[in-house]
Amino acid sequence: MNDVVIPLHLAVHVLGVAVAAGLIALGWTRREEVGATWPGLVVGGGALVVSHVLSGSLALDSGTLPLVLRAAGYAGLAVGAAGSLHSVAAVAMLAPVPVHVAAAIAGVAASIAATRGRLRNASSVMLLGVGLLLWSSSDLLGAWVPTLAAVTSVLGSLAVGAWTVTRVGSSLLARVLAGATALVALTAIVLSSAGGLVFASDLEQDQIDGLAALASSQSNRLAVSEPDDLRALAAALAGTTLADEVTAATGALDGRAQAMAELPGVDVAMIVGLQGTSVGSWDISAALAGPLAPVDETAVSGNVLTQQGVTGIAGSGTINIGDGRVLAVGVTPIAPVDAEGTRRLDRVAGALVLGRTITGQASLGRVAEQTGTDVIVLNNGARIAATTDPVLGTAEVNAEIVRLLGAGLASGTTAEIAGEPRFVAASPLGTAGSLLLLRDATAGGELRNDATRTLFLAALLGLGLAAALASVGARRVVEPVVALTAAAERVAMGDPDVDLPEPAADEVGRLASAFAVMMGAVAEREADLSEAADVEGELRRRLEIVTSSLSEALVTVDEHGIVTRANPAARKLLGIDDPVGLPVTKVLVGTDEHGRSVVAALARSEGKVVKASVGPAGVEVAATSAPLLDARGRTQGRVHVLRDVTGEAEAERMKTEFLANISHELRTPLTPVRGYADVLARRELPHATVAEISGRIGDAAKRLERVIGMLVDYAALEAGRLDIALSPTSVRDTTTDALAELRDEDWQERLEIRVDPELPKADVDPVLLRRLLVELIDNALKFSGDEVVVDAARGRGRTLLITVRDHGDGISPDAMAVLTEGFRQGDGSATRRHGGLGLGLAMVQRIVDALGGSVAFETPDDGGTVVRVTVRAVSA
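Here the structure is a predicted model, which is why all the values come from computation and not from measurement.

Asks: What is the right way to read the sheet that holds strand S3 (residues 315-322) from this model?
Replies: The strands making up a sheet associate through hydrogen bonds between their backbones, and the pairing can be parallel or antiparallel. Here five strands make up an open sheet; going across it, the order is S2-S1-S5-S4-S3 and the pairing antiparallel. Since the sheet does not close on itself, it has two edges, and those belong to strand S2 (278-283) and S3, each with one partner. Neighbour-to-neighbour, the strand axes of this sheet turn through a mean angle of 25°, independent of strand direction. Each of strand S1 (268-273), strand S4 (325-334) and strand S5 (350-357) touches helix H8 (residues 240-248); the most contacted strand, S4, lies at about 95° to it.

What follows is the structure, encoded as structure tokens:
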């Protein structure tokens, strides 16, 4: 794992050693078990420890032995998981397979054996299987993707480590040791990784700084030192003789330039006249030695250094003459020298330019040899002019270098050039371009390996020492706790006579002393608690009886609005069999008289009564709510009490309707009585008129008497105080009597009587039967504008069936539900068409009940109403 960064390398192998050591410890604790479980764990963990030590110390990182050891470790874990050697029989057949593939296959086999074998643990089995699978995947990926393999190995170590901790979770000592070891391992990894990162960063920066210094030195030599040397040489050659030749010459001085270009350290020579143009040149660095090409002559002669030389100013520097060529040049004026050796710059004849090709392979080769790097020269346009490695002259490399120049290379950097990591440093070559030095970024690998090895061994040594110290310290702390735990378990099993360890002068000792005091207090309080429990149980039983016997609905909720209790009355009222555990908003469903949610209304009631309708049937209730407080006065919930007020509402309605109806029914007959009485008192009337008025007054009195009699009879029936005298009664004669009572009504043309003359007599109270028939016939005539039929015939068994049918509007379904309730009318408004107290059918129902019969009401599809009354018949 040389090509993986130091932190990942340390994390992989330090964690690997720690987890594998944990597997060995786990196997050793199971050594009393029968089978191959514990040897498999110990041997497998040992092989993994050796493998990670060899790889972590880089002793055999590139060899096959660590992978072979890991495969053997996986095989051992498979043996431990399955409890037998059969689970790894196939692993022995993997010898011809590449070693990393064999290790991966062995890891997969171990993961399968772990999830299916004797190490199975329902709560953590997947951790071990997944961890082994990740380990084997790391071995397989290591040959191609080292970084991903390292991350996968770390994840596998974490999974297997977590599984190991769960397997020793019942042992406090093991948990303390595991926690301490894990903490030390992580600390060692973090500290070592930090040191490794600092070292790697310093190493890389040293490489970059050194390369930048070399680039600066070489560019100074090429762009400054060598041009200065060429200028000195040119000054020695541009004396009186050359000045005379330039002044007297009528043709080119190429021969003289050739002689100068062939001097050591010179590649190009040019003689420039006073007009600033070349009068002679030679280039021995070209493919064919000879005079400079016209375009090159123009580039050199037109350069500012050359033009200054013509004016008498010497200079040196670099010139980019095109075609990727950069020259280091020295320029000096051509002037005669007097007897004292002084150059006569007042008689300048021209300028001499000597140059050396920087971009030549010989020059770049010397730079590469001196620096041990690859060399690139860039022209002013940031184009590669020359390089020592053809691979670096591609357009792709040029584009990458342009990007680096744009980011700045003053202090060097590391970049991917031509597919390889390289250190890169640049330095300007005067005004003609730049010099770049490139060095393999892996050159410091051996130093990094040494540092990695040192850090790993230090982390491993620290981990071992810390584990040993943690073991000693943990035992000193845990053993008294274990003894105290055993004593507590005996006390919990009912054995108060236990021997406690001698208390030490630390927290555990104080715990033991406190435990001894607690044991004495427990014995004293046990009786008190038992007595208190009995009292509380009795109180709970009484409270249960009280709440269960309440007719009001009682619902209690906790502070979260969840129902904790509901008495039987509440369950019945709300229509929910078991509301405990449900939100109160789903139990108390309904609205108050203002349309608000009943729960919201109770929350704002502040002890006031809330009138609402609740439950699926919309039961009318009067509800109150109060907070439940604990001993400290903190609210623990609320208690809601709901009282069914449906009967009270019905009684109120009946009272209201009764008063309205009775006032109407009494006023109706009294009005004509009073009017006729006033007429008789104030006027003299004929006898016949007086007799007629007296008769009408008598009819009104009878009607009033009937109303009063109905009220008296209904009250007596409702209270069960009416004396009933059963006797054989003719239904036909009773019907005739009932019609006689209604003789003043307009019924003759609309009433049809169908009573069989041979009909047996009824076993009834004749007065009650007559009242029943009067109410039924009167009700049918009142609400029907058409024919009314009264039929009496034999019923089933010893019964008689009396049927009254009209052809009115019938009875609506809503009215049918309350038809026989007292003081109920189909139309209860003050503007109704028909009068009455609303007691007719209620009287019928109660008379039938008193006589032991039955009554049924129907509204046929063809309209009207059919009332069927069944009474007992006298036995033949």
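So that's the structure; there's more coming.
Asks: Would you mind showing me how to read the packing of helix H1 (residues 6-29) against helix H6 (residues 146-167) here?
Replies: When two helices pack together, their arrangement is given by the angle between the helix axes and by the axis-to-axis distance. Running from N to C, H1 and H6 point in directions that differ by 25°, and their axes come no closer than 9 Å. Relative to H6, the element H1 lies roughly parallel. Read as a crossing pair, H1 and H6 show a hand that is left-handed. Taking contact as the criterion, the partners of Leu8, Ala11, Val12, Leu15, Gly16, Val19, Gly22, Leu23 and Leu26 in H1 are, on H6, Thr147, Ala150, Val151, Ser153, Val154, Ser157, Leu158, Val160, Gly161, Trp163, Thr164 and Arg167. Residues that form the contact of H1 with H6 fall into these classes: 13 nonpolar, seven polar and one charged.

Asks: Would you mind going over the side chain of serine 281 with me for this structure?
Replies: Within the element layout of this structure, serine 281 appears in strand S2. What makes serine 281 buried here is its relative accessible area of 0%. Engagement of the side chain of serine 281 in a polar contact is seen with the backbone nitrogen of leucine 292, the distance being 3.1 Å. There is a polar contact of 2.7 Å between the side chain of serine 281 and the side chain of glutamate 297. Residues in contact with serine 281, not counting those within four places in the same chain, are Asp254, Ala257, Ala269, Met270, Pro291, Leu292 and Glu297.

Asks: Can you help me understand a nonpolar patch on the surface in this one?
Replies: Taken together, the side chains of Leu140, Trp144, Val145 and Leu148 define a hydrophobic patch exposed on the protein surface, amounting to about 380 Å² of accessible area. Take leucine 140: it is sitting in helix H5 (residues 125-141). Under the relative-accessibility criterion, leucine 140 is labelled partly exposed at 32%.

Asks: What is the right way to look at the side chain of serine 625 in this model?
Replies: As for its placement among the helices and strands, serine 625 is situated in strand S15 (residues 619-629). A residue is classified by how much of its surface remains accessible, and serine 625, at 6% relative accessible area, is buried. Of note is the side chain of serine 625, whose polar atom sits 2.9 Å from the side chain of arginine 638. Engagement of the side chain of serine 625 in a polar contact is seen with the side chain of histidine 640, the distance being 2.9 Å.

Asks: Any chance you could explain the sheet that holds strand S21 (residues 799-806) here in plain terms?
Replies: Reading across from one edge, S18-S20-S21-S23-S22 is the order of the five strands in this open sheet, with mixed pairing throughout. Two strands close off the open sheet at either side, each with one partner strand: strand S18 (751-755) and strand S22 (854-858). Neighbour to neighbour, the strand axes of the sheet diverge by 10° on average, direction disregarded. Contacts from helix H21 (residues 731-741) reach S18, strand S20 (788-794) and S21, with the element oriented near 165° to S18.

Asks: Where do I start with the pairing of strand S9 (residues 420-428) in this structure?
Replies: For a regular strand, the rule is simple: side chains alternate between the two faces of the sheet. Bridge count between strand S8 (residues 413-417) and S9: five bridges; the pairing is antiparallel. Bridge assignment links alanine 415 to a residue of S9, and that residue is arginine 422. The antiparallel pairing of S8 with S9 creates a hairpin that spans two residues between the two strands, and alanine 418 there sits at a positive phi of about 55°. In this antiparallel pair of consecutive strands, S9 and strand S10 (residues 433-440), the connection spans four residues, and glycine 430 shows a positive phi of 60°.

Asks: What should I look at first to understand the packing of H21 against helix H22 (residues 766-783) in this one?
Replies: It is at 9 Å that the axes of H21 and H22 come closest, and there the two elements cross at 55°. With respect to H22, the axis of H21 lies oblique. Crossing angle aside, the handedness with which H21 passes H22 is right-handed. Contact residues: H21 offers Thr734, Thr735, Asp737, Ala738, Leu739 and Glu741, while H22 offers Pro766, Leu769, Arg770, Leu773, Val774 and Ile777. For the contact of H21 with H22, the per-class residue count stands at seven nonpolar, two polar and three charged.

Rules of the game
For every chain, the first residue of the written sequence is number 1, and numbering continues from 1 onward in sequence order. Given that the model is predicted, a residue must reach a pLDDT of at least 70 before its local features are reported, and side-chain atom pairs must reach 80 or more before they are shown or counted; all residues, however, enter totals for whole chains, interfaces and linings. To get the side-chain values, take all heavy atoms of the structure and skip hydrogens and water. The criterion for strand pairing is that DSSP finds at least two bridges linking the strands in question. For the purposes of this entry, the term helix denotes a DSSP run of H or I that reaches at least four residues, the term strand denotes a run of E that reaches at least two, and both are numbered from the N terminus. Angles shown run from 0 to 180 degrees and are taken between the N-to-C directions of axes, each axis being a line fitted to C-alpha atoms and, for helices, limited to the stretch in contact. The contact criterion used is simple: two residues touch if any of their non-hydrogen atoms lie within 4.5 Å. For classification purposes, angles smaller than 35 degrees are called roughly parallel, those larger than 145 roughly antiparallel, those between 65 and 115 roughly perpendicular, and all remaining angles oblique. Crossings are classed by handedness, with left-handed meaning an anticlockwise turn of the near helix from the far one by less than a right angle and right-handed meaning a clockwise turn. Amino acids are sorted into nonpolar (Ala, Val, Leu, Ile, Met, Phe, Trp, Tyr, Cys and Pro), charged (Asp, Glu, Lys and Arg) and polar (every other residue, Gly among them). Think of it in three bands: residues with accessible area under 20% of the maximum for their type are buried, residues over 50% are exposed, and the middle band is partly exposed, with areas taken using a 1.4 Å probe on protein chains only. In protein, a polar contact requires one atom able to donate a hydrogen and another able to accept it; more generally it is a pair of N or O atoms within 3.5 Å, and residues adjacent in sequence count only if both atoms are side-chain atoms. Like charges are joined within 9 Å and nonpolar side chains (Val, Leu, Ile, Met, Phe, Trp, Tyr) within 5 Å, but only among residues with over 30% relative accessible area and no salt bridge; these make up the patches. Surface accessibility follows the Shrake-Rupley procedure with a 1.4 Å probe radius. Residue values consider only the protein chains on display as shielding. The salt bridge criterion pairs a side-chain nitrogen of Lys or Arg with a carboxyl oxygen of Asp or Glu, the two atoms within 4 Å.

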